[in-house]
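# Descriptive structure summary
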Amino acid sequence: MIEITSPPVILIAILGTIGMILPVISILRKEKGSSSLYGAIAFGALIASIGYVVYEVFTNQIPQSALFSGDVLANDSFSALFAIAMLIVSIMTTVGSFNFMRGQSHPAVYYSLILLSTIGMVLVAYSTDLVMLFVAWELMSIPTYVLAGFMKKNPASNEAALKYFLFGALSSAIIVYGISLVYGLTGSTNIGVVIAGLATLDPQMMPLAILAVGMFIAGFGFKMGLVPFHMWLPDTYEGAPPTITALLAAGTKKAGFAAALRVIIMGTVALNLDWSFALAVIAVMTMTVGNVAAIMQKNISRMLAYSSIGHAGYILIGLAVAPFTILGIQGSLFHILNHAVMKGAAFIAIAGIVVALGITNIDKLKGLGRKMPIISIGLVISLLALAGVPPTAGFWSKLMLFGSALDTGVPSWAPWLAIAGVLNSALSLAYYGWIIRKMYFEGETEKRIAEPKSIIAVMIFSIIFLVGIGVYPDPIIDFTKTAVPSLSALITPSG
């Protein structure tokens, strides 16, 4: 029985209560007053939530590794890492929205949807039951469908929401089909029981088990942005409000990886399937397609959307070599945490540019470094971190990921993953460098303009995080080590 004071229960209580109260406050106030009031309340709820999780981690009250309890939720270091990453993204999105939502209608609903989606994101990480995982998945997804189309008068926002909804509904249906298959094979939806049941499955039932794992890869691959499940992503990221794009790219994508690590990788180990090479192929395809397509983009949101696809490929390197070395998943977890801040900061910077100048075309960024120096330097640091340039946090997580493919005991094809990762990282410098060149080395002498203060706050945090972790990564590396699931000790839960 999960304790009532455990982080998942407390997060549901805090975020759920505030998320439901915000629209009520708006109705009672008849939308009078500043939208910053609702943002401040949401910010307070998120700070309290992440503070509680961090307190549990630092006081060693959370078990290490990933647990397979008999309950629907498990409190462990694996889940805590994802919860912290996704709460950071939600905080960045909320703070970045202070200026973006000024003058917009229905701010209470906007912040309420962010909080409700955040509950779903963190519960995906804490879930140890497939039905609970699916409920959390939908709780995460449905608010983001609305948020993607929140700018109702903008046709691009409406198109983004529609595409996102259609592909999201399809992925949910595929996940449900996978759940129905494993329930029919094992008689349970508890992930631990399912894994134990699949490990002793009748060989005649193996094709159905493989089909179920394939359904999970396809369903969760949609949210992760893996090739060939990525086609919705650039249009949605371009059309959605840039603050919400930060939530999608840096937040919900991480929930997809949390679900994948809980279900797909451990399921393949239980089935004794050599899916590592298949995941390696998908990783190379994903990073290459993402980076090559990014070079050809003129819109900075679309460029960063394809960059997100490329980073999904980097993270998948760790999953591909996970059965052979502990560095694999450790590198993936490290990069997931870094990517949450790197990509979130980049899209929040875009939100600041949109608020101040109303532009997203890369050619119009000329002289931005002189117009908006603080937001520009924040964007530059996030881009360099995405490229893996030292001394940023992205360098260390990429080094660990590529190093895991060169570790002792990995298959003969694994070093090619490292080579592909290094080449793609070098390729990404082409379009990241293009943006930096436009900002600092082109254009006339420009006068400085007022920068949105809430965006500046996010930029300062992201710079401190990315450079700070880049200079001293040891605490995060140690934390990711404790959060790595033990693939060799899949235990049937008791409960």
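Definitions and limits used
- Every chain begins its residue count from 1, and numbering advances along the sequence as written.
- Where totals are concerned, whole chains, interfaces and linings use all residues; where local detail is concerned, this predicted model gives features only for residues with pLDDT of at least 70, and gives and counts side-chain atom pairs only at 80 or more.
- Processing note: side-chain calculations cover all non-hydrogen atoms of the structure and skip hydrogens and water entirely.
- The pairing test for Phe, Tyr and Trp rings, Trp by its six-membered ring, is centres within 6.5 Å, and the orientation test on the planes gives stacked under 30 degrees, edge-to-face over 60, and tilted for anything in between.
- Secondary structure elements are defined from DSSP: runs of H or I of at least 4 residues count as helices, runs of E of at least 2 residues count as strands, and each element is numbered from the N terminus.
- Whether a residue is buried, partly exposed or exposed follows from its accessible area with a 1.4 Å probe, protein chains only, as a fraction of its type maximum: under 20%, in between, or over 50%, in that order.
- Using protein atoms alone on a 1 Å grid, points that fit a 1.4 Å probe yet trap it form a cavity, whereas open point sets bounded by protein on both sides within 12 Å along at least five of seven lines form a pocket; residues with an atom within 4 Å of a point count as lining.
- Grid points are joined across faces, edges and corners, and a volume is the space filled by probe spheres set on the points.
- Polar here means any residue outside two lists: the nonpolar Ala, Val, Leu, Ile, Met, Phe, Trp, Tyr, Cys and Pro, and the charged Asp, Glu, Lys and Arg; Gly therefore counts as polar.
- Two residues qualify as a contact provided that any one of their heavy atoms is within 4.5 Å of a heavy atom in the partner residue.
- Counted as a polar contact is a pair of N or O atoms within 3.5 Å, where, for protein atoms, one must be capable of donating a hydrogen and the other of accepting one, and residues adjacent in sequence contribute only when both atoms are in side chains.

We now examine the packing of aromatic side chains. Evaluation of the coordinates by the stated rule reveals 15 aromatic pairs. With a centroid separation of 5.3 Å and 65 degrees between ring planes, the pair formed by Tyr-110 and Phe-150 is classed as edge-to-face. A residue pair is termed long-range when its members are at least 10 positions apart, and Tyr-110 in helix α4 (residues 107-126) and Phe-150 in the loop between α5 (130-148) and α6 (155-186) qualify at 40 residues. Each member of the pair, Tyr-110 together with Phe-150, is buried. Geometrically, the ring pair formed by Phe-395 and Trp-396 is edge-to-face, given 5.1 Å between the ring centres and 75 degrees between the ring planes. Given a relative accessible area of 30%, Trp-396 falls into the partly exposed group. Taken together, the aromatic side chains of Phe-98, Tyr-110, Tyr-111 and Phe-150 make up a single cluster linked through ring pairs.

Our next topic: the layout of surface pockets. Vacant regions in the atomic arrangement are exposed by a probe of water-molecule size rolled over the atoms. What the largest pocket holds in volume is close to 470 Å³. When residues of the lining of the largest pocket are traced back to their parent elements, those giving at least two are α2 (36-58), α3 (77-100), α18 (453-471) and α19 (474-483). When grouped by side-chain class, the residues that make up the lining of the largest pocket number 15 nonpolar, four polar and no charged.

Once that is clear, we can look at the environment of Lys-163. Relative to the elements of secondary structure, Lys-163 occurs in helix α6. Look at Lys-163 and you get partly exposed, because its relative accessible area is 25%. Along the chain, Lys-163 and Ala-255 lie 92 residues apart, while their C-alpha atoms are 20 Å from each other. Sequence-distant contacts of Lys-163, that is, excluding residues within four places in its chain, are made with Asp-235 and Thr-236. Within the structure, the side chain of Lys-163 is placed 3.0 Å from the side chain of Glu-159, a separation counted as a polar contact.

The next point concerns the environment of Leu-319. Among the structural elements, Leu-319 can be located in helix α12 (residues 300-320). On the basis of relative accessibility, which here comes to 3%, the residue Leu-319 falls in the buried class. With 11 residues separating them along the chain, Leu-319 and Gln-330 place their C-alpha atoms 9.5 Å apart.

Shape is all these values report; function is a separate question.
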